[in-house]
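The lines below spell out each chain.
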Amino acid sequence: MPDTPHDVTASPARHLPSLRGQLSLVLGGLALAILTLVGVYLGRVATQELYTAQQAVVRTTAQFAADLLATELRDREREIELLSVAPHLVDGPLDAPRVRDALERRAALHDEFGWLGVAAPDGTVLQATGGLLAGRSVAQREWFIAARERVYVGDVHEAKLLASMLPVAPNGEPTRFIDFAAPIRAADGKLLGVVGAHAHWRWVTGLVEGVTRRQNPGGGIDALILDRDGRVLYPEALKAAQADGANVLPRPASGRFDGELDFGGQTYLTSEAQLQSSTDAALGWRIVTRQPLEQALRPVRDLQRELVLLGIMAAAVLTLAALLLARRISRPVEELAQIAERVEAERRMPDFPPDPGAMELARLSDAMRAMAGSLLATEQELQQANATLEAQVQQRTAELQAANAALEHLATRDPLTGLHNRRSLDARLAEAQALDRRYGRQRARVHALLLLDVDHFKRINDQFGHPTGDAVLRQLAHLLQASIRATDVAARFGGEEFAVLLPELAGPQEAVIAAEKIRAAVETVSFAQVGRVTVSVGVSLASVDDLDARPLIDRADGALYEAKRGGRNAVVLKLAPTLG
Ligand SMILES: Nc1nc2c(ncn2[C@@H]2O[C@H](COP(=O)(O)OP(=O)(O)OP(=O)(O)O)[C@@H](O)[C@H]2O)c(=O)[nH]1
């Protein structure tokens, strides 16, 4: 297990969004999405409802205005018709003062009449309100011509003869009239004259405006009056623009103003109603009502704006609530995470929060406590096992090293004398030769080999027995080891024969001196039971021409042979031919 605590700052968890942020985002986003959807849905439904309702209002307004106007016009028409059959007119004379009184009374009752008068059959005005046009001829006027035959209602027109006699309208518009006229006939049907009335156009437009105001107190709906040819009679501004050649009216495909239509780039909800007339004098007017679509649907837009505001507020409140909730959830989780980090860093059981705040968190806390306890216990067991294992490994290693050393000893040492055995000597000789060969002839140092053989050893065996012979060999080995340097290698070459490797010599003389030293030491020592023992020594130096150790051994062996042949207890040097 690692000793250093887990590096939490490098954990990928640090790059993830926090639970708090995610919860707030999801809940806030959800609230906004739901309220936006509800807003859009309600907006659609409300738009449809309001559209239908406003269309109905526009339609009703047109119908009301048309009905009211038709009724009012018919009433004025009847008024004049009744006047034409009034006894004081029929009985005449038409220029009597009481006729004028009757006209004045009518005009006082109906202030929409700008002028009321009676004309003789030839067109001369006999009586008139305010005495206006009295004595003047109206013989060429349309209303007079028509009313000689029948009751007449005439289309709107600008005042001609009366224009200069009547006060100008406050808004500066020219004085306009619609004419009502009826023939005055005697009982036998003879035409006695014509009664005529000019009703102010502003009375007509006032009636229409009154209806639009009443029907739509909030404003926004306006009404147009079109004549039978589709020309604008009212309002004045549109009439003037049309007169100037502007294209002020849309041309609906159905021929009727209904639904959404475009007036000069702006979309309106529209409707129209025909003025119904029960008399022959039908004017053929149409009342067109319209309301800008944008204005008609404004309440929906307002509602949608309020819903969006409400949605944003609800999203903000929910986000805040989610933030608080997430904090409530994430704080104990963060505490548990810190506890887990402490367990890892300090390797001891920390205090867990007593009340994590929720059942699931309490379970998590319990599970973490149990896990931490079990982890720490396992870790302790592991540490103990580790310590035991390390001690065992150390012991085993020591035993192994000892066994290896013993093996090494067995492999390289002669069991009788404890000196290097033949195999070990061969390895040392090969090493020494490799070293000499590496430096070649420039090398000042050279190694030598001494071969020693006990003189007449057979006799010792024969005379004292084999165990005594062994003891002699052991003592000789001891003596040999004591006579050479620590860097020299003494080995049992075989039987009663020994070898000594002398490395790093300056020349053959040093080898001869070392051999002589050994020989002399053996000669002077008394061997147990046996007494005096001598050795013969063959000496040779390694040559760079030697391919392996064999020639060196052979030369030393040859020298030993010569030492034996020369009488034993002697040292003989034999060098390689190049050196010799
Ligand atoms: N006790 C004992 N004797 C050994 C051992 N190895 C060899 N020998 C004896 O050593 C004797 C060697 O005899 P030889 O080779 O004839 O030579 P020598 O008697 O020493 O005579 P020279 O070498 O000619 O002086 C033999 O009798 C071997 O049996 C050993 O490990 N222990």
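Criteria and thresholds
- Residues numbered from 1 in each chain as written.
- Predicted model: local features only at pLDDT ≥ 70, side-chain atom pairs only at ≥ 80, totals over all residues.
- Buried ≥ 20, exposed ≤ 12 C-beta atoms within 10 Å, placed from the backbone.
- Helix = DSSP H or I, 4+ residues; strand = E, 2+ residues; numbered from the N terminus.
- Pairing = 2+ DSSP bridges.
- Contact = placed C-beta atoms within 7 Å.
- Axes fitted to C-alpha atoms, helices over the stretch in contact; angles between N-to-C directions.
- UniProt positions renumbered as here; feature names shortened; annotations may be inferred.
- Near = placed C-beta within 6 Å.
- Nonpolar A, V, L, I, M, F, W, Y, C, P; charged D, E, K, R; others polar.

A. Focus on the pairing of strand 12 (residues 446–454). In terms of residue burial, strand 12 counts as a mostly covered element, since nine of its nine residues are buried. Pairing of strand 12 with strand 17 (residues 535–541) involves seven bridges; the strand directions are antiparallel. In the sheet register, Val454 faces strand 17, and the bridge partner there is Val535.

B. Examining the environment of Phe464 more closely. Within the secondary structure, Phe464 is located in helix 11 (residues 457–464). When neighbours within four sequence positions are excluded, Phe464 is seen to be in contact with Gly469, Gln529 and Val530.

C. View of the sheet that holds strand 17. Ordered in space as 13-14-12-17-18, the five strands form an open sheet in which the pairing is mixed. Both edges of this open sheet fall to strand 13 (489–494) and strand 18 (571–573), since each of them pairs with a single strand only. With strand direction ignored, the average angle separating the axes of adjacent strands in the sheet is 20°. Across five bridges, strand 13 lies against strand 14 (residues 497–505) in antiparallel orientation. Note that in strand 14 the partner of Ala491 across the bridge is Ala499. Running at roughly 145° to strand 17, helix 14 (residues 550–565) makes contact with strand 12, strand 17 and strand 18 of the sheet.

D. Quick peek at the UniProt feature "transmembrane region" (unreviewed entry) in the protein. Using the residue numbers shown here, the UniProt feature "transmembrane region" (unreviewed entry) corresponds to residues 23–42 and 307–326. The distance from the first to the last C-alpha atom of residues 23–42 is 28 Å, and the span holds 100% helix and 0% strand. Between the end C-alpha atoms of residues 307–326 the distance is 27 Å, and the span holds 100% helix and 0% strand.

E. Representation of the sheet that holds strand 9 (residues 259–263). Strand order in the open sheet formed by five strands is 8-7-11-10-9, with antiparallel pairing between adjacent strands. Each edge of the open sheet carries a strand with a single partner, namely strand 8 (232–234) and strand 9. Between one strand axis and the next, the sheet turns by 45° as a mean value, whatever way the strands run. Across five bridges, strand 9 lies against strand 10 (residues 266–274) in antiparallel orientation. The residue bridging Phe263 from the neighbouring strand is Gln266, located in strand 10. Helix-sheet contacts for helix 1 (residues 19–84) involve strand 7 (222–226), strand 10 and strand 11 (286–292), and the interaxial angle to strand 10 is about 40°.

F. Structural view of the site of the ligand. Taken together, 15 residues are adjacent to the ligand, and Phe457, Lys458, His466, Gly469 and Gly495 come closest. Here the shell around the ligand gets four residues from one element, more than from any other, and that element is helix 12 (residues 466–483). Taken together, the residues that form the shell around the ligand break down as three nonpolar, five polar and seven charged.

G. Molecular detail of the environment of Val288. Looking at the element boundaries, Val288 is found in strand 11. Residue Val288 is classed as buried on the basis of its 26 C-beta neighbours within 10 Å. Between the C-alpha atom of Val288 and that of Ser271, which follows or precedes it by 17 residues, the distance is 5.8 Å. Not counting chain neighbours up to four residues away, the residues in contact with Val288 comprise Ala62, Ala223, Leu224, Leu226, Phe257, Thr270 and Glu272.

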